[in-house]
Each structure stands twice: as C-alpha cells, then as structure tokens.
Amino acid sequence: MQEYTLSAHNFEECMKCTVCTAYCPVVPVNPHYPGPKQAGPDGERLRLKDPYFFDEALKYCLNCKRCEVVCPSGVNVADIIQSARIKYSKSKPKLRDRILASTDFMGSLARPFAPIVNGMTGLGVTKSVLDATMAIDKHRTFPKYAGKGFEGWFKRSAAAKQTSFEKKVAYFHGCYVNYNYPQLGKDFVTVMNAIGYGVELLDKEKCCAVAMISNGMYDGARKHAAHNEKVLGKAAGKGLKILTTSSTCTFTMRDEYHELLDIDNSSYRDNLLLATKFIYELVESGKVKLVFKKDYKARMAYHTPCHMEKLGWGIFSIGLLKMIPGAEFTLLPSNCCGIAGTYGFKKENYEASQAIGKPLFDEIAKVHPDFVACDCETCKWQIEMSTGAPVKNPISILAEALDLEATAAANK
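This is a predicted model, so every value here is computed, not measured.

Draft legend 1. Local environment of the nonpolar core. Phe188, Met192, Phe278, Ile279, Met300 and Ile324 are the most contacted members of the largest nonpolar core, which totals 72 residues. Among all residues touching Phe188, those that are not within four sequence positions of it are Val169, Tyr171, Val199, Leu243, Thr245, Ala275 and Ile395. Formed by 28 residues, the second largest nonpolar core is a distinct cluster that contains Ala211, Ala221, Ile242 and Leu260.

And the structure:
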C-alpha cells in the first residue's frame, strides 16, 4: 500500500497570482468573504504571528476545493482555511448547526415517523417557524426521509444472496442512502450483482462527518472519523475494495480525515473508491461486460460535483454514462451548485447559495434534459429545488439502463 502522509499546509508556495480568487464561487456574491488567497495563504502568515488576525468570515468558505483545483502551485488553499477555523475559531455551534450536522441521530429519530416528519417539514408554517427561531431559511426544501432504511432492507432481502458470489466488495452507503433514499443502495446492489460481485455492508459505519466539520463540531467529527477508520481498515484488511455512491463521503474519508482531523487513514485509503470508478475500470480492462437495454432512451446532462472535480474522478461517471447506447449525453460546464451540504440551508447563506448556483441552473434550463446525472446527494437537493429537473445518481441510471439478466449472464 502506498504510504499516505499528511502534507504540510504549504502557504509559502503561493505565488499570489489570485487565480484562486478568480475561480472562487463565493467572492462575487458575498462581500464579507475575503477570498481564498487572503483567507488562506495570506491570512496564515498573519495567524502564525498572532491568532488575533483570525477572521470569523472564513466561515463563508464553501470548502468546495475549486481554489485547489486551479492553483498552479498546488497550494492546499481550502485546507489552510478549514484548519484555521478548527484551530482559531471561537464561534460555538448553534442548536441549528448541531441539528443539521447530526445526520445519523436525526435520521434515526425521523425514520419511524417519516410520513409525519415529511409532511410537517413541507408546510409553509413549519418553514416560517424554523426561519424565525433557528435561522433555517424558509425557502429551502428539506430532503424527505424514508420509512424503512437501507440497512434493514439489505438484511431482509439481499444479504443471503450475496454469499453466492465469489468476488465481493464492501459498501459504505452513508446516511443519505440509509435514511433518505434507500433506492440508491438497492440500485448499487443490483448493479454489482449483475456484474458478478457480492456486496458486504460495513460493521456499524457512521456518517462520514462532513457536516460536523463544516458546522464546527470538530470533536464529534474526530470521533466519527476514528470509528470509521477502524471499520474501513478492517474491510481493507480483508482485501476488499470499499465502494461508495457519494462523491462527498468519498472525498471526506479519503482526504479530509487526514488533512483536517489528523486521523491516519492509510489503512484503507487506497481501497476506498467511488463505485463508478471501480466499474469503469473493470469494463475498460475487459474484466466486466455491460449489456444495455435496446429500448432505453434518455436525454441526460451530467453535473460534476466540486469534490468530484478535486478527486479528478468525474471522467469515470461520464465514461460510464456515455457507454449507454440510448443516451443523449450533455456535459454541463463546470459550476458549483452553491449548497455545500448544510451551508445553503442557513438563512444567512441562502441568497449567496442560490446566486452561486444560478449559472448552473441556467445551463440546465438551456439543455432541458429528462434528468440531471450527479454523484452528490446535496447537489441533487439543490438542483431539484432550484430547477425542477429530476437528478439521478449514475449508479441508478445504470440500474435502469442495463439489461440485468443479460449482463449477469455475460459476467458469469
């Protein structure tokens, strides 16, 4: 396994070209944010001399990593900013922030009463109360909860079948699949079984903690990361590839655990992959064959999530979708959707969030696809709310487009 070591927060390599500021989606819409160069490398020089120079306005950084993608010197601009928030911020998480960030806890509470919770959070009066009392913007549409979770479905309906497969992968499903949209997890199992792989669930995984990081709950984030490091390391120790269906979960556990939370993830990092990358590489190497339905037709537009751009893995989802014979495919221009997890739910951020996403929304309106393809669940919420276009994960699209019986026969 390749050694993965914590890289220094290399602010001294900044050449002050300001390309990061030019590409930052926050700068044009929020005058309170100083921009990535000033908040990152420039600010770090001052903070190292005196913490007095820390600016709470760093909370407006989306941590979208677009500054790092475009930096010609490879400076970890966003990591510098987020590390400064962890080290110097005196701001304590509000009740709102704790609720938004505690995805496992809130999901377990809401699931038994999902129809009631979904109905209540959709009411205008509920939104107005949350806006007035907790500063959760009343214009925001809340994701729906599922009455039955993915883990329960897997144990009841899929676990026994997985023992018949010689080749297996582990699946980090995340809280979105378990509490909000189990169908994505079901689609993942369906596709993996069709290409000849059984699926194992991880032993008591926890939320990847990205929402805790962004909401200042750093002790909780470290506890989650330390727990998941053991769980993921155990799976990797068995020689299993660990697949995900969320670009943000993947990026957080591969990079942020080590860079921001000081959790050594070398035990599993090389084994943790987005499912589309794993499948694409199998197809390209000739180890797996995909057989598509002859009558499948769709006009789809693919949005590359910001964290997917940082990973550099958008090409794999794009490549798989382009393999579908009946698909009319459009690659949308690179734009941030603006939601940044829980960022866009907060009243003080809502207008900026929508302004950041507007160029993307306009591009989707021009294409007018049957649906948007995207690997990030929070991008899905933002796009569906702001454009009305349905959003599907590439794995779910594969589950729809594949002739599953023919694919399974071809991969025996």
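Draft legend 2. Geometry of the side chain of Lys380. Here Lys380 shows up in helix H19 (residues 377-387). On the basis of relative accessibility, which here comes to 15%, the residue Lys380 falls in the buried class. Not counting residues within four places of it along the chain, the set of residues in contact with Lys380 comprises Tyr176 and Val391.

Draft legend 3. Structural view of helix H15 (residues 275-284). Where burial is concerned, most of H15 is hidden: seven out of the 10 residues are buried. For H15, every residue scored as buried is listed here: Ala275, Thr276, Lys277, Phe278, Ile279, Leu282 and Val283. Backbone geometry just downstream of H15 places Gly286 in the positive-phi region, at approximately 85 degrees.

Draft legend 4. Representation of the pattern of salt bridges within the structure. Inspection of every chain in the model, using the stated rule, returns 23 salt bridges. When salt bridges that share partners are traced, they join Glu12, Lys16, Lys37, Asp42 and Arg45 into one network.

Scoring rules and cut-offs
- Residues numbered from 1 in each chain as written.
- Predicted model: local features only at pLDDT ≥ 70, side-chain atom pairs only at ≥ 80, totals over all residues.
- Heavy atoms only, no water.
- Core = buried A, V, L, I, M, F, W, Y, C linked by side-chain atoms within 4.5 Å.
- Buried < 20%, exposed > 50% of the residue type's maximum accessible area, 1.4 Å probe, protein only.
- Contact = heavy atoms within 4.5 Å.
- Helix = DSSP H or I, 4+ residues; strand = E, 2+ residues; numbered from the N terminus.
- Salt bridge = Lys/Arg side-chain N within 4 Å of Asp/Glu carboxyl O.

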